[in-house]
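Below are the chains, spelled out letter by letter.
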Amino acid sequence: MVKKHNTLLVLTGPTAVGKTRISIALAKRFNTAIISADSRQCYQGMPIGTAQPSLAELTEVKHYFINEFLVSEPQDAASFERLALGYLEEIFSTNSVAIVCGGTGLYIKALCEGLDEMPAVSEAMKATVEAGYKENGLDWLQEALAKEDPQFVGSAEWQNPARLMRALSFVRSNGNSIRSFQSGLKKERPFELIKFALNLPRELLYARINERVDLMMQSGLLEEAKAMFPYRQYPPLNTVGYVELFDFFDGKCSLNDAVEKIKQHSRNYAKRQLTWLLRDQSLHWIDTNTDAKAEICSLLEKNFPAFL
């Protein structure tokens, strides 16, 4: 069992804000490893569209939960919690500092606070709800939940299709609101937590998102999506960057339209990520326009002297 004096540094923030670069700089500073908290980077065959660290970056610093699973082996927050705690056991056996880096808020919450025990959700129901959303859109999801799960109405996740599909699948599978199983109690963890959220002014963040999508296309995202097209039925491919290109392959839009939709949906995703993060009062916010590594180390030295 890991000891309480071990410390987990959490780096989160919206997509394209620069988390990978800064996490690697910090990992080298503390001679430690990184656990990815990205719900898509863990899959094989999707390195460009999920912005996995490059091979050079993976060589520089050991990473966990990157490129580990087939898309036919879907992972979720509960499996991430179990795996990440195991990764931490390994890291803390030789180092008192570990880093988790990623933008999937539920995965970070699972690792830091634990998840409530939940009944299983029917895979067939998940597929039915997902098909309903694809055909009818967000309004259909919200109307269905307002009727079948009024406890969920008006939640902070009300504009998040993934969370709404999960809630609707849950209530239809179990007959009870997912809210009735969420205790809000945090599990005790045998390590200290220091959490940072990286951010940029909105216009700079959106410009960086647009630029990154263009770079992904130049790097071969179209070919990568073609290779993954036969596996589109698997949940990991219900992901920005692939869904839009699959529509292009189906003749539903032009390639230019698909690329513009990837940019738009990526910006929408960043906005949802920030909405989630703003609810966490324990985060220390860092502007990545600055020397973020130096700012984080300075903040650690000033506020957590025992750490350094």
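Anything mentioned here points back to the structure above.
Given the structure is predicted, the values throughout are model-derived calculations rather than measurements.

Peer 1: Looking at this structure, how should I read the overall build of the protein chain?
Peer 2: In terms of regular secondary structure, the protein chain is built from 12 helices and six strands. Its C-alpha atoms give the protein chain a radius of gyration of 20 Å, near enough to 19 Å, the size a compact globule of 308 residues would have. Oriented by its inertia axes, the alpha-carbon framework of the protein chain measures out at about 55 × 45 × 35 Å. The buried share of the protein chain, taken over its 308 residues, is 47%. Long-range pairs, those at least 24 residues apart, make up 75% of the contacts in the protein chain with a sequence separation of at least 6. Total accessible area computed for the protein chain in this model is approximately 15,100 Å², and 50% of it derives from carbon and sulfur atoms. Positive and negative side-chain charges in the protein chain, numbering 35 and 37 respectively, have mean positions lying 2 Å apart.

Peer 1: What is the right way to look at the side chain of Asn6 in this model?
Peer 2: Among the structural elements, Asn6 can be located in the segment before strand 1 (7-12). Given a relative accessible area of 5%, Asn6 falls into the buried group. Not counting residues within four places of it along the chain, the set of residues in contact with Asn6 comprises Phe92, Asn95, Ser96, Phe191 and Glu192.

Peer 1: Got a minute to help me understand the environment of Lys302 in this structure?
Peer 2: Note that Lys302 resides in helix 12 (residues 292-303). Between the C-alpha atoms of Lys302 and Thr32, which are 270 residues apart in sequence, the distance is 21 Å.

Peer 1: Is there a simple way to explain helix 1 (residues 19-29) in this structure?
Peer 2: An α-helix turns once every 3.6 residues. As a result, residues three or four positions apart point the same way. Buried within helix 1 we find Lys19, Ile22, Ser23, Ile24, Leu26 and Ala27. A positive phi of about 50° marks Asn31, the residue just after helix 1.

Peer 1: Just to check I follow, could you spell out the packing of helix 8 (residues 202-219) against helix 11 (residues 255-277) for this structure?
Peer 2: A packed helix pair is summarised by two numbers, namely the angle formed by the two axes and the spacing between the axes. One way to put it is that helix 8 packs onto helix 11 with a least axis distance of 10 Å and a crossing angle of 140°. Regarding the angle of helix 8 to helix 11, the classification is oblique. Handedness of the helix 8/helix 11 crossing: right-handed. Counted together, Arg202, Leu205, Tyr206, Ile209, Asn210, Val213, Asp214 and Met217 of helix 8 and Leu255, Val259, Ile262, Lys263, Ser266, Arg267, Ala270, Lys271 and Leu274 of helix 11 form the full contact between these two elements.

Peer 1: Is there a simple way to explain unusual backbone geometry in this structure?
Peer 2: We note that Ala16 has phi near 70°; this positive angle belongs to a residue other than glycine. Relative to the helices and strands, Ala16 resides in the loop between strand 1 and helix 1. Despite not being glycine, Phe65 has its phi angle at roughly 65°, a positive value. Examined against the element boundaries, Phe65 turns out to sit in the loop between strand 3 (63-64) and helix 3 (77-92).

Peer 1: I'm lost on the side chain of Glu130 in this one. Help?
Peer 2: Structurally, Glu130 is set in helix 5 (residues 123-136). When near neighbours in sequence (up to four residues on either side) are disregarded, Glu130 contacts Met165 and Asn238.

Peer 1: Would you mind going over the environment of Glu192 with me for this structure?
Peer 2: As for its placement among the helices and strands, Glu192 is situated in strand 5 (residues 192-199). Expressed as a C-alpha distance, the spacing of Glu192 and Pro53, which sit 139 residues apart in the sequence, is 26 Å.

Peer 1: I would appreciate a short explanation of the pairing of strand 5 in the present structure.
Peer 2: The sheet contact formed by strand 1 and strand 5 spans six bridges and is parallel. Its bridge partner lying in strand 5, Thr7 is registered against Glu192.

Peer 1: Looking at this model, I keep getting lost on the packing of aromatic side chains. Mind explaining?
Peer 2: In this description, a pair of aromatic rings is defined by centroid distance and the angle of the planes. This structure, assessed with the given rule, holds 11 aromatic pairs. On the basis of an interplanar angle of 65° and a centroid distance of 5.9 Å, the ring pair of Phe65 and Phe69 is categorised as edge-to-face. Of the two residues, Phe65 and Phe69, both sit in the buried class. Centre to centre, the rings of Tyr242 and Phe246 are 6.5 Å apart; their planes meet at 50°, and the pair counts as tilted. Neither residue differs from the other here; Tyr242 and Phe246 are each classed as buried. Every member of this aromatic cluster is reached through a ring pair, and the members are Phe229, Tyr242, Phe246, Phe248 and Phe249. In this structure, Lys62 packs its charged tip against the face of Tyr64, placed 4.8 Å from the ring centre.

Calculation rules
- Residues numbered from 1 in each chain as written.
- Predicted model: local features only at pLDDT ≥ 70, side-chain atom pairs only at ≥ 80, totals over all residues.
- Heavy atoms only, no water.
- Helix = DSSP H or I, 4+ residues; strand = E, 2+ residues; numbered from the N terminus.
- Rg over C-alpha atoms; globule rule 2.2 N^0.38 Å.
- Buried < 20%, exposed > 50% of the residue type's maximum accessible area, 1.4 Å probe, protein only.
- Contact = heavy atoms within 4.5 Å.
- Areas by Shrake-Rupley, 256 points an atom, 1.4 Å probe, with all protein chains shown as cover.
- Lys, Arg positive; Asp, Glu negative; His and termini not counted.
- Charge placed at Lys NZ, Arg CZ, Asp CG, Glu CD.
- Axes fitted to C-alpha atoms, helices over the stretch in contact; angles between N-to-C directions.
- Parallel < 35°, antiparallel > 145°, perpendicular 65-115°, else oblique.
- Left-handed = near helix turned anticlockwise from the far one by under 90°.
- Pairing = 2+ DSSP bridges.
- Phe/Tyr/Trp six-rings, centres within 6.5 Å; stacked < 30°, edge-to-face > 60°.
- Lys NZ or Arg CZ within 6 Å of the ring centre and 35° of its normal.

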